[in-house]
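Observations on chain architecture
Chain by chain, the residues:
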Amino acid sequence: MDEQLHERIREVVADVPPGKVATYGDIAAIAGASTPRLVGRVLSEDGNDLPWHRILRASGIPAPHIRHRQLELLRAEGVLADGDKVSLRKYRWHAS
DNA sequence: TATTTGACAGCTT
DNA sequence: CAAGCTGCCAAAT
């Protein structure tokens, strides 16, 4: 059901460990979403209680409106970004 | 009921 | 290396 999917996405996002980051595509793949757009939509609606700051774009650059907050929160967790670009190669998280 | 928009990704030009 | 186009799903108007 779509409700399951919605919850699955939240679970995956909450399962990302601090100091690590993941892309929308990864979350979508792990959660079973057909498209990463669903992940973004869920975060925009319920992300206020989730570590949405650990979710980045495929390019390692967070969304345009929140990028400032994103980088700030990531920095607090030890994730250093080159300008707006985070080193996915180092911080990208993969499910167990 | 149809159209537009949106925390995206991947390929082509 | 950068910009543009297409595919995807769901909610809002």
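Below, the structure is looked at part by part.

Rules behind the numbers
- Residues numbered from 1 in each chain as written.
- Chains lettered and ligands numbered in written order.
- Predicted model: local features only at pLDDT ≥ 70, side-chain atom pairs only at ≥ 80, totals over all residues.
- Heavy atoms only, no water.
- Helix = DSSP H or I, 4+ residues; strand = E, 2+ residues; numbered from the N terminus.
- Rg over C-alpha atoms; globule rule 2.2 N^0.38 Å.
- Buried < 20%, exposed > 50% of the residue type's maximum accessible area, 1.4 Å probe, protein only.
- Areas by Shrake-Rupley, 256 points an atom, 1.4 Å probe, with all protein chains shown as cover.
- Lys, Arg positive; Asp, Glu negative; His and termini not counted.
- Charge placed at Lys NZ, Arg CZ, Asp CG, Glu CD.
- 1 Å grid on protein atoms, 1.4 Å probe; cavity = no way out; pocket = protein on both sides within 12 Å on 5 of 7 lines; lining within 4 Å.
- Points joined across faces, edges and corners; volume = space filled by probe spheres on them.
- Nonpolar A, V, L, I, M, F, W, Y, C, P; charged D, E, K, R; others polar.
- Arc of directions from axis to C-beta.
- Contact = heavy atoms within 4.5 Å.
- Near = heavy atom within 4 Å.
- Core = buried A, V, L, I, M, F, W, Y, C linked by side-chain atoms within 4.5 Å.

1. Structural notes on the overall build of chain A
Secondary structure assignment for chain A yields 5 helices and 4 strands. Along chain A, helices and strands appear, N-terminal first, in the series α-β-α-α-β-α-β-β-α. Relative to its length of 96 residues, chain A is compact, with a C-alpha radius of gyration of 12 Å against a globular reference of 12 Å. Going through the 96 residues of chain A one by one, you find that 40% of them count as buried. If you sum the accessible surface of chain A, you get close to 6100 Å²; carbon and sulfur atoms cover 47% of it. On chain A, the mean spot of the 14 positive side-chain charges and the mean spot of the 13 negative ones are 9 Å from each other.

2. Things to note about the layout of surface pockets
Summary: where empty space remains is shown by rolling a probe the size of a single water molecule over the atoms. Approximately 350 Å³ is the volume attributed to the largest pocket. As for the largest pocket, its lining consists of Tyr24, Pro36, Arg37, Gly40, Arg41, Leu43, Ser44, Trp52, Arg57, Ala63, His65 and Ile66. In terms of residues, the lining of the largest pocket owes the most to one element, helix 3 (residues 36-46), which gives 6 residues. Partitioning the lining of the largest pocket into residue classes produces 6 nonpolar, 3 polar and 3 charged.

3. A word on helix 4 (residues 67-77)
Listed as buried for helix 4 are Gln70, Leu71 and Leu74. Down the axis of helix 4, the buried set is contained in an arc of 90 degrees. They therefore lie on one face. Opposite its buried face, helix 4 presents the exposed residues His68, Arg69, Arg75 and Ala76, each directed more than 90 degrees away. On its buried side, helix 4 packs onto strand 2 (55-56), strand 3 (81-82) and strand 4 (85-86). Gly78 occupies a position one or two residues after helix 4 and carries a positive phi of about 100 degrees.

4. Points about the protein's contact with DNA strand C
Taken together, the residues surrounding DNA strand C are Ser34, Thr35, Arg37, Leu38 and Arg41. Taken together, the residues of the surface near DNA strand C sort by class into 1 nonpolar, 2 polar and 2 charged.

5. A look at the nonpolar core
Most often, soluble globular proteins have nonpolar side chains that are buried together. Core analysis: the biggest nonpolar cluster contains 17 residues, and Ile9, Val13, Ile27, Val39, Leu43 and Ile55 have the highest contact counts within it. The greatest single-element share of this core, amounting to 4 residues, is contributed by helix 2 (residues 24-31). With sequence-adjacent residues up to four places away left out, Ile9 is seen in contact with Ile27, Ala31, Ala33, Leu38, Val39 and Val42. Counting residues in each nonpolar core, the second largest holds 8 residues, with Leu71, Val86, Leu88 and Tyr91 among its members.

6. A short note on helix 3
Count 3.6 residues to each turn of an α-helix, and residues three or four apart come out pointing the same way. Those residues of helix 3 that fall on the buried side of the exposure criterion are Val39, Val42, Leu43 and Asp46. For helix 3, the angular spread of buried residues about the axis comes to 100 degrees, placing them on one side. Set apart from the buried face of helix 3 by more than 90 degrees, the exposed residues are Arg37 and Ser44.

The values reported here are purely geometric and, on their own, carry no functional implication.
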